[in-house]
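One-letter residues, chain by chain:
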Amino acid sequence: MVKATKARISQLLFLALFLLLFLQTEYRGHDQINAAVNSFFRADPLVLFSYLLAAKSWTWLLLPAVLMTLATLLLGRFFCGWICPLGTLLDLLTPKQRSTRPVPWLAGNLKYWLLLPLLSASLFNLNLAGLLDPIAILLRGMTFFFYPLLGLTAREGWVRLYGLIGEQRDSLAPAYGLLKNYLLPFRETLYPLAFVSALLLVLIILLERLETRAWCRHLCPLGTLLGWLGRFSPFKRIPPGLCGDCGQCRELCPTTFDQGGLNREECILCMECEQGCPNQRISFRPSWPLQLSEPVLPQRRLLLGGLAGGLLLAVPTRFRSPEKEAALLRPPGVRDEDDFLKKCVRCGECMKVCLKNALYPAAWQAGLDGIYTPLVIPRLGYCEYHCTLCGQVCPTGAIPNLAVEEKKRQVIGKAVFDKNHCLPFARRIDCIVCEEHCPIPDKAIRSREVRVMGLDGVMKTVKEPYVVEEICNGCGICENVCPVETRAGIKVHAVRNRAPITETASGQLGY
């Protein structure tokens, strides 16, 4: 049975908070999310350092991460043992399989070979930290795979229940309504990279069978960064090593003591050794003057190798195919692709809250530097004209948090008719579906009557649509609702100039 230490209680509370915020990061009938799971990213020092190195600018959104960094410098690597939801999940799933024997192929400096190239690549404008950030891994696995699976299973079960008990199912409707309103996802979405996201999370959990907290000790870039910061903490365990007549700490500690002494860099301050000490000899308290047991910086070989690794990662991604870049539609408010990639954490929150299923994670479309970043795919969904949720939940401001009226003027792309597929052009018949659905008050898609020769050889009048490019914001609803099957008769293309649409004196979008 897991002991109710202070650290364990804290872990459970923060995991509950994480899950609560995860459920809150969802459209629940309001275009306002007051608290979101992005709070964990905003307090994430790895997100902070990678953002500062890549964007070379500051955002107040990451002030909590600065405070977390300072707290780690003071207290040590407590985040991993008291707060991290992935660490808590690992502890809960594998409490009876504790093995402190280090896995040879994981031990050593592998963790630095992951962290240093990530930070180095950020310095060269390639921010990939979110790919291996533990909170991002957990959130992507839940958002892209497990949460949609829960929704599909619950809804399928509800449908099948009708076949079993018929109308009597209605007596359970209030309970199902509560689940639907507060627990289940707002809509059913199948995401690309869902299996990859789930597989990575499952692999991390399976590592626990080899060694307790193997991910945290040997791989996690955030844990490695916090461990390095924790070297400077004045708080120390006393005594630092195993007692000659006991050695119980080796069995109690989930992360260190494999060398016979405490490795401060890997100590997550869970305090299990203090609570479980049969002789009450263990304590954690400040010790002055501060004496570092290990060098401040990793070995020169590691530093140079990490710097070179980051450079090798960053340089190839500088080339982008113009054709591919022209097809990248980013969320509203994103005006510069490079700036967006430097700031995006790849957490998936924007996709989770997207009201009309417009956002999906990029797999190969945006290259290595764009993997898991959000893309608008109009054929699958569109950007709701009055919605601002994606900007509200973005933890770094990569997607700006804009007021509704300002967001309406943001340009995602421009719609262009494909005259080989659009019905009035290709088949010479009337179709104004896109015009009817265009949300712009002055209509960015309009139609005019023209006389054309029909396919039957008879002259006829057809309503021919056209795009008023100056007021089109590329929301994608026209492409989404186009009745032509497979390839739509109108398609939204990315544009270089994403300056907001101007506003006329009457308050309407215009020229």
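Look up: the structure comes first, before these words.
In this report, we go over the structure that sits alongside the text. Residue numbering note: each chain is counted from 1, following its sequence as written. Per-residue local features of the predicted model are confined to residues with pLDDT of at least 70, and side-chain atom pairs are confined, for both listing and counting, to 80 or more; whole-chain, interface and lining totals are unaffected and use all residues. Note that the side-chain values use all heavy atoms of the structure and ignore hydrogens as well as water.

**As for the side chain of Lys-343**
To qualify as a helix, a DSSP run of H or I must reach at least 4 residues; to qualify as a strand, a run of E must reach at least 2; elements of each kind are numbered from the N terminus. With respect to the helices, strands and loops of the structure, Lys-343 is situated in helix H18 (residues 337-343). Think of a polar contact as two N or O atoms within 3.5 Å of one another; within protein, one of them needs to be a possible hydrogen donor and the other a possible acceptor, and neighboring residues in sequence only count if both atoms come from side chains. A polar contact is formed between the side chain of Lys-343 and the side chain of Asp-339, at a distance of 3.2 Å. Here, residues are in contact when the closest pair of their heavy atoms is within 4.5 Å. What Lys-343 contacts, discounting residues up to four positions off in sequence, is Tyr-51, Ala-55, Thr-396 and Ala-398.

**Description of the environment of Asn-109**
Within the fold, Asn-109 resides in the loop between helix H6 (85-93) and helix H7 (110-123). Separated by 132 residues in sequence, Asn-109 and Gly-241 have C-alpha atoms that sit 22 Å apart. Ignoring anything within four residues of it in the chain, the contact list for Asn-109 reads Gln-299 and Leu-302.

**Concerning the pattern of salt bridges**
Each reported salt bridge corresponds to a side-chain nitrogen of Lys or Arg within 4 Å of a carboxyl oxygen of Asp or Glu. The tally for this structure, following the rule as stated, stands at 17 salt bridges. Two residues, Asp-418 and Arg-487, come together in a salt bridge whose shortest N-O distance is 3.4 Å. Here Asp-418 is found in the loop between strand E5 (414-417) and helix H22 (423-426), whereas its partner Arg-487 is found in the loop between helix H24 (477-481) and strand E8 (490-493), with 69 residues between them in sequence. Exposure is judged per residue with a 1.4 Å probe applied to protein chains only, and the accessible area is read against the type maximum: over 50% gives exposed, under 20% gives buried, and values in between give partly exposed. Take Asp-418: its relative accessible area is 14%, and that puts it in the buried class. Residue Lys-491 is joined to Glu-479 by a salt bridge in which the shortest nitrogen-to-oxygen separation is 3.9 Å.

**Side note on the nonpolar core**
In summary, soluble globular proteins display a tendency toward joint burial of nonpolar side chains. Definition used in this section: a nonpolar core is a set of buried Ala, Val, Leu, Ile, Met, Phe, Trp, Tyr and Cys residues joined via side-chain atoms within 4.5 Å. Among the nonpolar cores identified, the biggest contains 62 residues, and Phe-18, Phe-41, Phe-79 and Trp-215 are the most heavily contacted of them. For this core, the element with the most residues is helix H9 (residues 134-165), which contributes seven residues. Ranked by size, the runner-up nonpolar core spans 54 residues in total, among them Ala-198, Ile-399, Phe-417 and Ile-440.

**Points about the packing of H6 against helix H11 (residues 194-206)**
In this analysis an axis means a line fitted to C-alpha atoms, helices contributing only their contacting stretch, and an angle means the value between N-to-C directions, from 0 to 180 degrees. Interaxial distance between H6 and H11 falls to 10 Å at its minimum, and their mutual angle equals 55 degrees. Taken together, the axes of H6 and H11 lie oblique to each other. For the crossing formed where H6 meets H11, the hand is right-handed. The segment H6 lies against H11, with Leu-86, Leu-90 and Leu-93 engaging Leu-201, Ile-204 and Ile-205. Nonpolar residues are Ala, Val, Leu, Ile, Met, Phe, Trp, Tyr, Cys and Pro. Charged residues are Asp, Glu, Lys and Arg, and all others, Gly as well, are polar. For the contact of H6 with H11, a count of residues per class yields six nonpolar, no polar and no charged. Throughout this description, any angle smaller than 35 degrees is read as roughly parallel, any larger than 145 degrees as roughly antiparallel, any in the 65 to 115 degree range as roughly perpendicular, and the remainder as oblique. Note: crossing handedness is left-handed where the near helix turns anticlockwise from the far helix by less than a right angle, and right-handed where it turns clockwise.

**With respect to the state of the cysteines**
What counts as a disulfide here is a pair of cysteine sulfur atoms lying within 2.5 Å. This model, assessed by the stated rule, comprises zero disulfides. A disulfide-free cysteine, Cys-350 has its sulfur positioned 6.2 Å from the sulfur of Cys-347, the nearest such atom. Cys-350 sits in the buried class, given a relative accessible area of 8%. For Cys-482, which is in no disulfide, the shortest distance to another cysteine sulfur is to Cys-431 and amounts to 6.5 Å. Given the relative accessible area of 13%, Cys-482 is considered buried.

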